[in-house]
4 protein chains.
Amino acid sequence: MHPHSISMLGTGLIGDFYTQTLHGQRGADRVRVAYSRSEARGRAFGERWDIPEHTTDLEAAIRHPDTDVVVVALPNHLHEEAVTAVAAAGKAVLCTKPLGRTAAEAERMLAAVERAGVFGGYLEDLCYTPKTLKAIASVRAGALGDVTWVRSRETHPGPHSAWFWDGRLTGGGAIIDLGCHCIEIIRNFVGKGNRPVEVLCHTDTLVHPIADEDNAICLIRFESGAIGQFEVSWTFRGGMDLRDEVAGTHGTIWLNHFLRTGFEMFTAGGSGGYVAEKAETAAGWLFPVGDEVSELGYVDMFSDMFRSLDAGTEPQETLYDGYVVNAIMDAAYRSAMAHAWEPVTLDWRGGSTPRMSSSPEEFEGQVVIKREILPDGRHKLILKDPASGDFSDRVIAAG
Amino acid sequence: MHPHSISMLGTGLIGDFYTQTLHGQRGADRVRVAYSRSEARGRAFGERWDIPEHTTDLEAAIRHPDTDVVVVALPNHLHEEAVTAVAAAGKAVLCTKPLGRTAAEAERMLAAVERAGVFGGYLEDLCYTPKTLKAIASVRAGALGDVTWVRSRETHPGPHSAWFWDGRLTGGGAIIDLGCHCIEIIRNFVGKGNRPVEVLCHTDTLVHPIADEDNAICLIRFESGAIGQFEVSWTFRGGMDLRDEVAGTHGTIWLNHFLRTGFEMFTAGGSGGYVAEKAETAAGWLFPVGDEVSELGYVDMFSDMFRSLDAGTEPQETLYDGYVVNAIMDAAYRSAMAHAWEPVTLDWRGGSTPRMSSSPEEFEGQVVIKREILPDGRHKLILKDPASGDFSDRVIAAG
Amino acid sequence: MHPHSISMLGTGLIGDFYTQTLHGQRGADRVRVAYSRSEARGRAFGERWDIPEHTTDLEAAIRHPDTDVVVVALPNHLHEEAVTAVAAAGKAVLCTKPLGRTAAEAERMLAAVERAGVFGGYLEDLCYTPKTLKAIASVRAGALGDVTWVRSRETHPGPHSAWFWDGRLTGGGAIIDLGCHCIEIIRNFVGKGNRPVEVLCHTDTLVHPIADEDNAICLIRFESGAIGQFEVSWTFRGGMDLRDEVAGTHGTIWLNHFLRTGFEMFTAGGSGGYVAEKAETAAGWLFPVGDEVSELGYVDMFSDMFRSLDAGTEPQETLYDGYVVNAIMDAAYRSAMAHAWEPVTLDWRGGSTPRMSSSPEEFEGQVVIKREILPDGRHKLILKDPASGDFSDRVIAAG
Amino acid sequence: MHPHSISMLGTGLIGDFYTQTLHGQRGADRVRVAYSRSEARGRAFGERWDIPEHTTDLEAAIRHPDTDVVVVALPNHLHEEAVTAVAAAGKAVLCTKPLGRTAAEAERMLAAVERAGVFGGYLEDLCYTPKTLKAIASVRAGALGDVTWVRSRETHPGPHSAWFWDGRLTGGGAIIDLGCHCIEIIRNFVGKGNRPVEVLCHTDTLVHPIADEDNAICLIRFESGAIGQFEVSWTFRGGMDLRDEVAGTHGTIWLNHFLRTGFEMFTAGGSGGYVAEKAETAAGWLFPVGDEVSELGYVDMFSDMFRSLDAGTEPQETLYDGYVVNAIMDAAYRSAMAHAWEPVTLDWRGGSTPRMSSSPEEFEGQVVIKREILPDGRHKLILKDPASGDFSDRVIAAG
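This is a predicted model, so every value here is computed, not measured. (Residues numbered from 1 in each chain as written. Chains lettered and ligands numbered in written order. Predicted model: local features only at pLDDT ≥ 70, side-chain atom pairs only at ≥ 80, totals over all residues. Heavy atoms only, no water.)

Mind showing me how you'd approach the interface of chain B and chain A here?
It is common to give the size of an interface as the accessible area lost on bringing the parts into contact. In this complex, chain B contributes 67 residues to the contact, which on the side of chain A involves 67 residues. Taking both sides of the interface into account, the surface hidden between chain B and chain A amounts to around 5,100 Å²; carbon and sulfur atoms contribute 57%. Interface area lost by chain B to chain A is led by Leu206, Arg237 and Trp254 of chain B, which between them contribute 12%. For the pair chain B and chain A, the number of links is six salt bridges. Taken together, the links from chain B to chain A amount to 25 residue pairs in polar contact (both at pLDDT 80 or more). Per element, the largest residue contribution to the side of chain B that touches chain A is five residues, and it comes from strand β17 (residues 366-373) of chain B. (Contact = heavy atoms within 4.5 Å. Buried area = accessible area lost by both parts, 1.4 Å probe. Salt bridge = Lys/Arg side-chain N within 4 Å of Asp/Glu carboxyl O. Polar contact = N/O pair within 3.5 Å; in protein donor to acceptor, adjacent residues only side chain to side chain. Helix = DSSP H or I, 4+ residues; strand = E, 2+ residues; numbered from the N terminus.)

This is the structure:
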């Protein structure tokens, strides 16, 4: 294990989460220098996390001689400049989500990093939650059969910082903020090599007086026939709802990352302290999570990034993945405008995936539609006659 | 209270559920005669439920001099004939869901009943579950503010009886079987007077070798701007998943009707008995419900029907509601074919509903996008300058 | 089914629940006359439930010529007088829980009813919740093997009415109020014929400035070796916690009757209405139940009572059961004073139950302590050498 | 941060969990040498975890010149010899739970370590789960008011290794295996300075043919008046049930560490892989946890140990805590034999804790027993007249 020395670009909430993770537990890696556009915020951040140096000079932060890894934790509209500068400096670059405001931006960043030959990682924490990692492993081991449908939902009452609400800076609304998580979670479950073909998206601005969407729902059709469904909202009441549901031909997985994780607290008074990210109340029934940076995936994410960097391999989440996510979001916004399915336009590197298996079982020349086990052990078949198209029941001995 | 004497048309699973309900607890109403197309099934049904008489003659069952109410619990393609005959006989008619295979069928049934001037009720049990009734009352009392989004989900591994799989007899696949429930649940939450304007639907046949959809997702846009989202599937694994989620500007409701209701059982052996409707296993962790006919709404449904009949008022679920549901399903199927939003075509009697409230709060000439309460009691505002479109934060004293 | 005409003695909260149940759904039975010690409360009750007559004369209510069943819903210290008077009047008597303040009181009531030869029923609603009934049936069908341990817990922030807090009127504190439910739930799971042998109880007055216990925990040892554990509290915060947990040699059942039943609501405002029995807040996350009188067992309880009365059979919960519960509570209070196990003194009619099965499996002359199935299908045995007392592992092929 | 080099004594399941944690994520610490009583198991362990050296010589492992910290992960009967030897070698020693088989053993270990002046830590992982740490912090911040009752439950179907079943080697049965966790969890919630005064314990051997207890329940009375209740079992069916419940005068906390943590999976087939510690099945509904070594507290435990060692401070869990736990377990076993409360005999260093607050509110000369807020905002008081002892209701305006 090689300890890394990091330049942290950005000192907002996400910079806090990242640094808390990097400096947490027995981690050997340390943030060496923090960059903020504001001297005051940079100083406060440095003091909060015991960081030796802070600066308002982006290039100085990137090119600091002691650092070998640069983490981009800036607002979306500043990603391209920062990533390009890190690549030019020949250092490893880890960029927060979404990679770009558009696929075009993301593609330029990807190209810059690949030209420079430096290590790049996409900081998509929610693909690294411990539950998600174990669920992905179960799916790959076949526990669910073929994946048919993945639903990923991320909703809360809206972002804390002003810039998130400005689509000119971010590239959109709830989709660009939250949908990027959902899309990449879905891709992990259907398989990264499973090409996203087309997208049907509906957006709405139901509550907040803004120009961009505060609610959206979207379907992604993959080459295998599997469907990804994501739901995002900035109008949910009750905290932050992060749930994933995976359906397969032989099984089901339900993940709840935030509101129902086995920690329930009722308090008449309220403790006055921080309860959880985006909690709405400080009294009554509350649902904290144990260790947010672990439960939300930050710990496993940075471990994967640094282990991959050390080993010279690709991390689970690459900048190319970030680019694919942007391409799907571009198609989603186009679909919402066109009110129709839109193709996902992208430079696809993932190969080809066959249609999910569908060779139906036969019984005495008829197609078996469904097989149930009765209480007495016999099997009940629902059969379809291929000639007439008629359906019938049949109860047979087991086996 | 006037006890009623009932003719039950149909002796399948739904006839069992209905009769179990009618003859359950201290109910005063009784099934007097059962009609089945099969003499053997009719006899077995009569013995099972202690019913004085059974017949294979539809008209005889309907016109039996002792009965004043006829319940139609037949497969979908037989509804029109049966309902029309009951209306002609001048008796009260209660018809199971869906009312018709199409809105045209439903409209003819509605017209026949209205012409005859008899009482008609739509047996949509899932709008009568005790949880749903209490949730609807909370929504109407304003606990959630304006309803913005309702999601209703009904999925299981597929129906038990052969005829359900034959779209020629039913009118479709999972939508016609399950979506009809979801649509009417959604209508109850957004308001029955809230006109369904248009529909966007995606259907798929992912697993079963059939011609109709075994999975579907659909959006319904209502006049108020609220969105109804339903998800139906015949490919879900793990039992029967019945969940409703209601989002409002000031609150949230989550209902789970079947798999997580506070009854959890692990058994190494399996008791050999009936566990629950559409349970998949008889060992391991099982999730029974307490009293299915109560939890699934049958008890409250028949109570409402008979109380309304006695009082000369309309029940919560009318045949007109059944017609509206069919009209929405028609639009859903058209949308799935067209891959586009389709208008809901119907004879609307519900009046007009204003756009959900959206007069934004102002603060010193700026629009308040969001207001958060900080741990120290102060308020943090996210503001939008209407002139520049720029966003900013502001922390102010409470109030 | 024979409709019954009822005299309701008592017009407090429990009288409301009973009458709501009796007059609910399609029930044929009706309350004919209400007795209250207060003219004003009797009148209000009569108006609330559309009851033809009310009186402050106990004998008149009992001997009303139109009524055939008398329900005793009075405070504990008034049960004996009322039950004795009903027996003397030769009418069926249904008495709320607990039957007496002591076993001596209960025994006198039982004797009076048996001497009179009238029907008697013990209104122990929580043994009739739909979940409990189904769980009991599963246990009797063998789904859990031998029952080894039953835990029943009922806790809330304390009763609503003043008289509940006065041990002179009730017979005690949280045990007499809540423990009576738990004890009878436990008896249903371990078997009514399983003699309660001895009791170990700890009581405490942790929060409220009263003379009686506001917290208690108690163990009941049954003849089979099974242990019943109950926990009661008047100091729980967060609503009403009603949970039962049944452990058997081959399975487990967990029931949650109130706080986690699949109904979850977040409201920023609060609807101002009644949320649920003993809910503590009207905003934030709330957990209503669907239909309280059904979920809490009142519906099935009265159905069983009247069906049994009509059939001339014993109901599930008899006055003898009420007496046994009192005998166990007497032993609990003695144990709490003595800080030691105390025998349950009672006139036992239940016969004898053998020790739960415990003939251990053997393998090659050793005792099998545990058998696990390994991922590769082989079995791992933990063995005990009966001679040396030494333990060892052994992995063998399946079967 | 100073990386540490570790000698791991013991190569069983707990050694695996410890080493997985130490070598996990970005941890700087490494196991340098492994000791096993078996050459073969030591070699396999070394290969499994990439450990440079293994040995069957205990002293050699302890005195290895490269290591500065020794972890004792041996069966209980070997703790004293190992801890004493590490202390004699002048190295930091971290010992797994329980510290000793008896308080006498634990006291000798504690004395040896204190005489040697080396760092000692008690590896009580379940006091370090992220949920537990956050819950303890909430309790200390006052979110629950005064703690009145803590229930800690740990049950599963019995240990995997033979030696656990031999009370001669372990010191007992389910209490010594599982109760040690519960006791220390309870102490963290009631306060480490809150003296355990006396214990009431019931043990039983309900299922397994062994001499020691396979079930136990125990009450611990603390100086403040708070009660700790623990339940342990080796006969639970359905996996591993780890739950803690904390009751306070103003709030409640419920923690579920294993079976209901927001990860639910149904699989028809079973993936053939490791699902979770002590899972019972590989098909049907399964409830994995995300990252076991994090969720079960190992990560935070070692972080605290090494940070404390580096800082020269005491860890959260000291060897003295281990000794207190043993003293409580000794009292529990005595109580189970005596069927009576038994005092906890120990060398107490924790100071004194006042009785939990209990100065009751007064209203117009009467004692306020309970205050409820009515739907109309008024307050309902239940009052006790101190002279007569009579109780009454009073409804007053708010405030």
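Past the structure itself, the notes keep going.
Is there a simple way to explain the relation of the copies chain B and chain A in this structure?
Each of the two chain copies goes to the other by way of a rotation about an axis and a shift along it. Screw-axis analysis of chain B against chain A gives a translation of 0.0 Å along the axis, an RMSD of 0.0 Å, and a rotation angle of 180 degrees. Within this description, the copies of the chain are treated as partners about a two-fold rotation axis. Residue Ala340 of chain B, judged by its C-alpha, is the member of chain B lying nearest the rotation axis, at 2.8 Å. The overlap is high: 100% of the interface residues of chain B also sit at the interface in chain A, so the same surface is used on both sides. (Least-squares fit on C-alpha atoms with pLDDT ≥ 70 in both.)

It is not clear to me how the packing of helix α8 (residues 174-190) of chain B against helix α11 (residues 319-338) of chain B should be interpreted in this structure. Could you clarify?
In a pair of packed helices, the angle between the axes and the distance between the axes together describe the arrangement. Residue and element names in this part refer to chain B. Interhelical geometry of α8 versus α11 gives an angle of 120 degrees and a closest axis separation of 9 Å. Classified by the angle their axes make, α8 and α11 are oblique. Crossing hand, α8 versus α11: right-handed. Here α8 contributes Ile175, Ile176, Cys180, Ile183, Glu184 and Arg187 to the contact with α11, which in turn contributes Asp321, Val324, Val325, Asn326, Ile328, Met329, Ala332 and Tyr333. Looking at the contact of α8 with α11 residue by residue, the classes come out as ten nonpolar, one polar and three charged. (Axes fitted to C-alpha atoms, helices over the stretch in contact; angles between N-to-C directions. Parallel < 35°, antiparallel > 145°, perpendicular 65-115°, else oblique. Left-handed = near helix turned anticlockwise from the far one by under 90°. Nonpolar A, V, L, I, M, F, W, Y, C, P; charged D, E, K, R; others polar.)

When you look at the state of the cysteines in this model, what are you seeing that I'm missing?
By definition, a disulfide links the sulfur atoms of two cysteine residues through a covalent bond. Residue and element names in this part refer to chain C. Across all of its chains, the model carries zero disulfides over all chains by this definition. With no disulfide of its own, Cys127 lies closest to Cys180 among cysteine sulfurs, the gap being 9.5 Å. Taking relative accessible area as the criterion, Cys127 reaches 0% and is therefore assigned buried. Not part of a disulfide, Cys180 finds its nearest cysteine sulfur in Cys182, a span of 8.0 Å. For Cys180, a relative accessible area of 0% puts it in the buried group. (Disulfide = S-S within 2.5 Å. Buried < 20%, exposed > 50% of the residue type's maximum accessible area, 1.4 Å probe, protein only.)

Just checking my understanding: could you explain the relation of the copies chain D and chain C for this structure?
For the match of chain D to chain C, the screw axis carries a shift of 0.0 Å, the RMSD comes to 0.0 Å, and the turn is 180 degrees. A symmetric contact is evident, with 100% of the interface residues of chain D recurring at the interface of chain C.

Hey, could you run me through empty space enclosed by the protein in this one?
Under the defined criterion, the tally for this structure stands at 16 cavities of 30 Å³ or more. If you go around the largest cavity, you meet 49 residues; those closest to its centre are Arg260 and Glu264 of chain A, Arg260 of chain B, Arg260 of chain C together with Arg260 of chain D. Split into classes, the residues belonging to the lining of the largest cavity amount to 17 nonpolar, twelve polar and 20 charged. (1 Å grid on protein atoms, 1.4 Å probe; cavity = no way out; pocket = protein on both sides within 12 Å on 5 of 7 lines; lining within 4 Å. Points joined across faces, edges and corners; volume = space filled by probe spheres on them.)

I tried to follow the packing of aromatic side chains on my own but got confused; where do I start?
In the structure shown here, the tally under the stated rule is 46 aromatic pairs over all chains. Members of the aromatic cluster, each reached through a chain of ring pairs, are Phe236, Phe266, Trp285 and Phe287 of chain A, Trp254 of chain B, Phe236, Phe266, Trp285 and Phe287 of chain C together with Trp254 of chain D. Looking at Arg221 of chain B, its charged tip hangs above the ring of Trp341 of chain B, at a distance of 5.0 Å from the centre. (Phe/Tyr/Trp six-rings, centres within 6.5 Å; stacked < 30°, edge-to-face > 60°. Lys NZ or Arg CZ within 6 Å of the ring centre and 35° of its normal.)

Any chance you could explain the pattern of salt bridges here in plain terms?
Taken as a whole, this structure holds 128 salt bridges over all chains when the rule is applied. Across the salt bridge formed by Arg349 of chain A and Glu114 of chain A, the nearest N and O atoms sit 2.9 Å from each other. Taken as a pair, Arg349 of chain A in the loop between β15 (342-343) and β16 (362-363) and Glu114 of chain A in helix α5 (residues 103-116) lie far apart in primary sequence, 235 residues in all. Under the relative-accessibility criterion, Arg349 of chain A is labelled partly exposed at 44%. The salt bridge partner of Arg243 of chain D is Asp241 of chain D, with a shortest N-O separation of 2.8 Å. Both residues of the pair, Arg243 of chain D and Asp241 of chain D, count as buried.

Please explain the environment of Leu383 of chain C as it appears in this structure.
Residue and element names in this part refer to chain C. Mapped onto the fold, Leu383 is located in strand β18 (residues 379-384). Sequence spacing of Leu383 and Glu364 is 19 residues, and the spatial spacing of their C-alpha atoms is 9.7 Å. Contacts of Leu383, omitting those with residues within four sequence positions, involve Phe363, Gln366, Val367, Val368, Ile369, Asp390, Phe391, Ser392 and Arg394.

Where do I start with the interface of chain D and chain C in this structure?
Tallying the contact residues gives 67 residues for chain D and 67 residues for chain C. The tally of links between chain D and chain C comes to six salt bridges. For Arg168 of chain C, the salt bridge goes to Asp390 of chain D, with nearest N and O atoms at 2.7 Å. Scanning the region where chain D abuts chain C turns up 25 residue pairs in polar contact (both at pLDDT 80 or more). For the side of chain D that touches chain C, the leading source of residues is strand β17 (residues 366-373) of chain D, giving five residues. For the side of chain D that touches chain C, the class distribution of residues is 27 nonpolar, 21 polar and 19 charged.

Sorry, what's going on with helix α10 (residues 298-311) of chain C here?
Think of an α-helix as turning once every 3.6 residues; residues three or four places apart then point the same way. Residue and element names in this part refer to chain C. The terminal C-alpha atoms of α10, which comprises 14 residues, lie 20 Å apart, in line with the 20 Å expected from a rise of 1.5 Å per residue. Taking burial as the measure, the 14 residues of α10 include ten buried ones, the bulk of the element. The first or second residue beyond α10 is Gly312, which carries a positive phi of 70 degrees. (Expected span 1.5 Å × (residues − 1).)

Hey, could you run me through the environment of Ala338 of chain D in this one?
One can find Ala338 of chain D in helix α11 (residues 319-338). Judged by relative accessible area, Ala338 of chain D falls into the partly exposed class, the value being 40%.

I tried to follow the nonpolar core on my own but got confused; where do I start?
Soluble globular proteins tend to pack their nonpolar side chains together in the buried interior. Grouped together as the largest cluster of nonpolar side chains are 245 residues, with contacts concentrated most on Leu9 of chain C together with Leu9 of chain D. Discounting chain neighbours no more than four positions away, the residues touching Leu9 of chain C are Tyr35, Leu58, Ala61, Ile62, Val70, Val71, Val72, Ala73, Leu74 and Ala82 of chain C. In this structure, Val70 of chain A together with Ala87, Leu126 and Ile369 of chain B belong to the second largest nonpolar core, which totals 243 residues. (Core = buried A, V, L, I, M, F, W, Y, C linked by side-chain atoms within 4.5 Å.)

Help me understand the sheet that holds strand β2 (residues 30-35) of chain B in this model?
Whether parallel or antiparallel, the strands of a sheet pair through hydrogen bonds between backbone atoms. Residues and elements named next belong to chain B. Judged by pairing direction, the sheet is parallel, and its six strands sit side by side in the order β3-β2-β1-β4-β5-β6 without closing on themselves. Strand pairing shows two members of the sheet lacking a second neighbour, β3 (53-55) and β6 (120-123), which therefore form its edges. Neighbour-to-neighbour, the strand axes of this sheet turn through a mean angle of 20 degrees, independent of strand direction. When strand β4 (residues 69-72) meets strand β5 (residues 92-96), the two strands line up parallel, connected through four bridges. Within the sheet, the bridge partner assigned to Val69 lies in β5 and is Ala92. (Pairing = 2+ DSSP bridges.)

Honestly, the confidence of the model for chain A in this entry has me stumped. Any pointers?
Low-pLDDT stretches of the model should not have their predicted coordinates read in fine detail. For chain A, per-residue confidence averages 94 on the pLDDT scale, and 97% of positions sit at 70 or higher. Model confidence for the complex is summarised by a pTM of 0.96, with the ipTM given as 0.94. (pLDDT = per-residue confidence, 0-100.)

Would you mind showing me how to read the sheet that holds β18 of chain C here?
All names here are of chain C. The four strands are arranged β16-β17-β18-β19 in an open sheet whose pairing can be described as antiparallel. Of all the strands in the sheet, just β16 (362-363) and β19 (391-396) have a single pairing partner and so form its edges. Where β16 lies against strand β17 (residues 366-373), two bridges are found, and the strand directions are antiparallel. Residue pairing across strands places Phe363 opposite Gln366, the latter belonging to β17.

Is there a simple way to explain the side chain of Ser335 of chain A in this structure?
Inspection of the secondary structure assignment puts Ser335 of chain A in helix α11 (residues 319-338). On the basis of relative accessibility, which here comes to 0%, the residue Ser335 of chain A falls in the buried class.

Sorry if this is basic, but what is going on with helix α1 (residues 13-22) of chain D here?
With seven of ten residues buried, α1 of chain D is to be regarded as a mostly interior element. Among all positions in α1 of chain D, only Gly15, Asp16, Phe17, Tyr18, Thr19, Thr21 and Leu22 of chain D are buried.

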